[in-house]
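Below, each chain spelled out in residue letters.
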Amino acid sequence: MTVVSRTTSTAAGGARTPGGGPVRRAKPRGVTIAGIALRTPYWVFTGALAVIFLAPLVWTAVASVSPQAGTNQVDGWGLGNYETLARYQAGIWRYLFNSAFVSLLTVALTLAISFFGGYAFARFRFPGKNALFLLTLAILMVPYATLLIPLYVLLNEVGLQNSLVGVALVLTMFQLPFSTFLMRISFEAVPRELDEAATVDGCSSFGALWRVLLPAVKPGLITVGLFSFLAAWNDFMAPLILINDTERMTLPLAVSNLRGQVQGVVDYGATEAGVVILALPCIVLFLLLQRHYVRGFMSGALKG
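Keep in mind it's a predicted model, so treat the numbers as computed, not measured. (Residues numbered from 1 in each chain as written. Predicted model: local features only at pLDDT ≥ 70, side-chain atom pairs only at ≥ 80, totals over all residues. Heavy atoms only, no water.)

Undergrad: Looking at this structure, I do not really get the overall build of the protein. What am I missing?
TA: Tallying secondary structure elements over the protein gives 13 helices and zero strands in all. N-terminal to C-terminal, the α/β element order of the protein is α-α-α-α-α-α-α-α-α-α-α-α-α. For the protein, buried positions account for 36% of its 304 residues. Put simply, of all contacts in the protein between residues at least 6 apart along the chain, 72% involve residues at least 24 apart. Total accessible area computed for the protein in this model is approximately 18500 Å², and 68% of it derives from carbon and sulfur atoms. (Helix = DSSP H or I, 4+ residues; strand = E, 2+ residues; numbered from the N terminus. Buried < 20%, exposed > 50% of the residue type's maximum accessible area, 1.4 Å probe, protein only. Contact = heavy atoms within 4.5 Å. Areas by Shrake-Rupley, 256 points an atom, 1.4 Å probe, with all protein chains shown as cover.)

Here it is as structure tokens:
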């Protein structure tokens, strides 16, 4: 009987906390006119930016399959422009392989060097560390095109001119300053106590680096790798100066040469098809790695 009365009184009086007081339920947050008015400029601005950035890509993709006079696609919609690109000189697959080889080699070299370089600058003390770091960053101040001719002469002396490996080495050199800087702030954002705890547990310096620090700086590594890939995949200037063999051209250089292959007349259809093929890997990689990309940039922002 007592149990029933307590249950009834509780149900009548509402829910209560263990201390006997009433439970305060959070009121649902409604959408107000003032909130909508404050958010509307943000929505309009971001929507306009999305249209500005996406419209050229959509227009290029549509134009690459639409009928155009003076192209291989004149009757209806189809893939005639892609067929022209596939048959151009050495073929699209050869140029895709060249671009992929240069890009992946650039990413591998950049990741390896910037990883150990950032670790050294963040964790070790040695004479001239800051001066050496500033000297590394100073490469960013040198115009890209001004170094290509001296590098062409240097690569010719060592037998790497007109070589995909030589192009990858040049692109790696220009990616290292920013990549080393990003890896340094990524390592500095990781507390030193993790290194010390791993050492106490019996890890060597390399073991602590591999097992503890590497997972902690993975967003920074992904950001460096994505930046390196995008720069190497889309680079036009270095292959233009260093490559003179049509079999070793990268895809951007091949698409540029395709534009004026017939008496200087621009083949817009094949060019647009080449732009679509160039853009697809970049878009897919960025969408897949976007979360890690943002975390890599924010890794050093909240340090301390």
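Back to the write-up after that little detour.
Undergrad: Explain the side chain of Thr250 to me, please; I cannot follow it from the model alone.
TA: Along the chain, Thr250 falls in the loop between α11 (237–242) and α12 (251–259). Beyond its immediate stretch of four places on either side in the chain, Thr250 contacts Tyr95, Asn98, Ser99, Val102, Asp235 and Pro239.

Undergrad: What should I look at first to understand the packing of helix α7 (residues 164–188) against helix α10 (residues 218–234) in this one?
TA: Where α7 meets α10, the axes come as close as 10 Å, and the angle between the chain directions of the two elements is 160°. What the angle tells us is that α7 and α10 run roughly antiparallel. Considering only the axes of α7 and α10, their crossing is right-handed. In this structure, α7 contributes Leu171, Gln175, Phe178, Ser179, Leu182, Met183 and Ser186 to the contact, and α10 contributes Gly220, Leu221, Thr223, Val224, Phe227, Ser228, Ala231 and Ala232. For the contact of α7 with α10, a count of residues per class yields nine nonpolar, six polar and no charged. (Axes fitted to C-alpha atoms, helices over the stretch in contact; angles between N-to-C directions. Parallel < 35°, antiparallel > 145°, perpendicular 65-115°, else oblique. Left-handed = near helix turned anticlockwise from the far one by under 90°. Nonpolar A, V, L, I, M, F, W, Y, C, P; charged D, E, K, R; others polar.)

Undergrad: What's the story with a nonpolar patch on the surface in this structure? I'm lost.
TA: A contiguous nonpolar patch, built from Leu54, Leu57, Val58, Val62, Trp77, Ile283, Phe286 and Leu287 and spanning about 760 Å² of accessible area, is present on the exposed surface. Broken down by secondary-structure element, the contributors of at least two residues to the nonpolar patch are α2 (33–65) and α13 (268–298). Considering every element that reaches the nonpolar patch, the biggest residue donor is α2, with four residues. Checked against the element boundaries, Leu54 lands in helix α2. Accessibility expressed as a relative area gives 49% for Leu54, which makes it partly exposed. (Patch = residues over 30% accessible without salt bridge, like charges linked within 9 Å, V, L, I, M, F, W, Y side chains within 5 Å. Salt bridge = Lys/Arg side-chain N within 4 Å of Asp/Glu carboxyl O.)

Undergrad: Explain the packing of helix α5 (residues 129–137) against α7 here, please?
TA: A pair of packed helices is captured by two measures, namely the crossing angle of their axes and the spacing between those axes. Two elements in contact, α5 and α7, have axes separated by 8 Å at closest approach and are oriented at 135°. The orientation of α5 relative to α7 falls into the category oblique. Touching Lys129, Asn130, Phe133, Thr136 and Leu137 of α5 are Pro177, Thr180, Phe181 and Arg184, all from α7. For the contact of α5 with α7, the class distribution of residues is four nonpolar, three polar and two charged.

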